[in-house]
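# Fold and geometry: a report
If you want the building blocks of each chain, they are given just below.
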Amino acid sequence: MSVSCAAKIYRRIMMVRPSQFDVIHQNLNPHMSCIEPVDKAKASFQWDRLQNVFKNHGLETLTCDPIPGAVDMVFAANSAIVLNNKALISNMAAEPRKPEEGAFENWYREMGFEVATFNEIAKPYTFCEGNAEFSPMADLSRFFFGWGQRTAESAYEPILDFFSLKREDVFKVRLIDERFYHLDTCMAPLAMGHILYYPGAFEETSRKTIFEGVGSSDKLIEVTEDEAMAFTCNCVSFTSPTSGQAVVVSPSFSPRLRSILESLGYVCEHVEFDQFLLSGGAVRCTVADIGQSRDIGQTRSATN
């Protein structure tokens, strides 16, 4: 079933090659046990397959090379908040990831984005880890900002200011479960205006805020704890330029959830991503939704 109004999210994306990927930090999130080693050949295969899924659907997919030793840089969603040709570079709370900030800043500048950093426009220690904490509705009319684990509540105001967003359009939600350390681990915007989310990751008042932001209970799809722990919400949803269909790409679909999504008209595409789950990341973690930069079509580094 084709979608009458195409989603404005995930039309152009950036991914970071997994050539440096490994799990060597045990304390960045509760999922990083460092017990099972990464099969790097398998991780590369899984990443390539995911990128091919996007390309086969007609998404323009740009690639960034990681800097040496940046084992977590593959999780491109943490690079920046990107909207309307602007990129606000992350201020990583995770100390081992700090070197990525400059590399991502250079990449976005080369692509022609208007770039700022939290260090430039916010108070010290205003941590924010990019699009992983900033979730737009499919039509880009409203946004959710997640805080409480790896992102500070104080990042909210600089985001509003830099992107010239209205307060009433950006809904703050607090994460209270350390297993869901970024908003993109427990909430996902879907291409036809639905929101997939795990209520248990949020404080009670934030659950009410989510309902207010979505505007209709018909647009909210709750996942169970087991589904959330399988990183179902760490998915990417878009309107396929190739088929016109609304697609959801996820590392996990329970039979229950697949049935719900397909009944709503979504095409569910499962991708195996177990090597990246060893680091507490999955599909959406590896994808930066970058919209369109003014100069992106003419920039040498954009070719891929």
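Predicted model only: the values in this text are computed from it and were never measured.

## Digging into the confidence of the model for the protein chain
Per-chain confidence: the protein chain averages 93 in pLDDT, with 94% of residues scoring 70 or above. Every residue in residues 293-304 scores below 50 in pLDDT, and together they form 28 contacts with partners more than four places removed in sequence or on other chains.

## Here's the deal with the side chain of Ser206
Relative to the helices and strands, Ser206 is located in helix H5 (residues 204-214). Judged by its relative accessible area of 2%, Ser206 is buried.

## Notes on the pattern of salt bridges
Applying the stated criterion across every chain yields a total of 16 salt bridges. Asp65 is paired through a salt bridge with Arg17; the nearest N and O atoms lie 2.8 Å apart. Residue Asp65 is located in the loop between strand E2 (60-64) and strand E3 (80-83), and its partner Arg17 is located in the loop between strand E1 (12-16) and helix H1 (40-56); the two are separated by 48 residues in the primary sequence. Overall, Arg17 belongs to the partly exposed group, its relative accessible area being 33%. With its nearest N and O atoms 3.5 Å apart, the salt bridge here joins Glu262 to Arg258. A residue pair is termed a helical-turn pair when its members lie 3 or 4 positions apart in one helix, as Glu262 and Arg258 do in helix H7 (residues 255-263) at 4 residues. Since its relative accessible area comes to 43%, Glu262 is described here as partly exposed. The class for Arg258 is partly exposed, based on a relative accessible area of 27%.

Cut-offs applied
- Residues numbered from 1 in each chain as written.
- Predicted model: local features only at pLDDT ≥ 70, side-chain atom pairs only at ≥ 80, totals over all residues.
- Heavy atoms only, no water.
- pLDDT = per-residue confidence, 0-100.
- Contact = heavy atoms within 4.5 Å.
- Helix = DSSP H or I, 4+ residues; strand = E, 2+ residues; numbered from the N terminus.
- Buried < 20%, exposed > 50% of the residue type's maximum accessible area, 1.4 Å probe, protein only.
- Salt bridge = Lys/Arg side-chain N within 4 Å of Asp/Glu carboxyl O.

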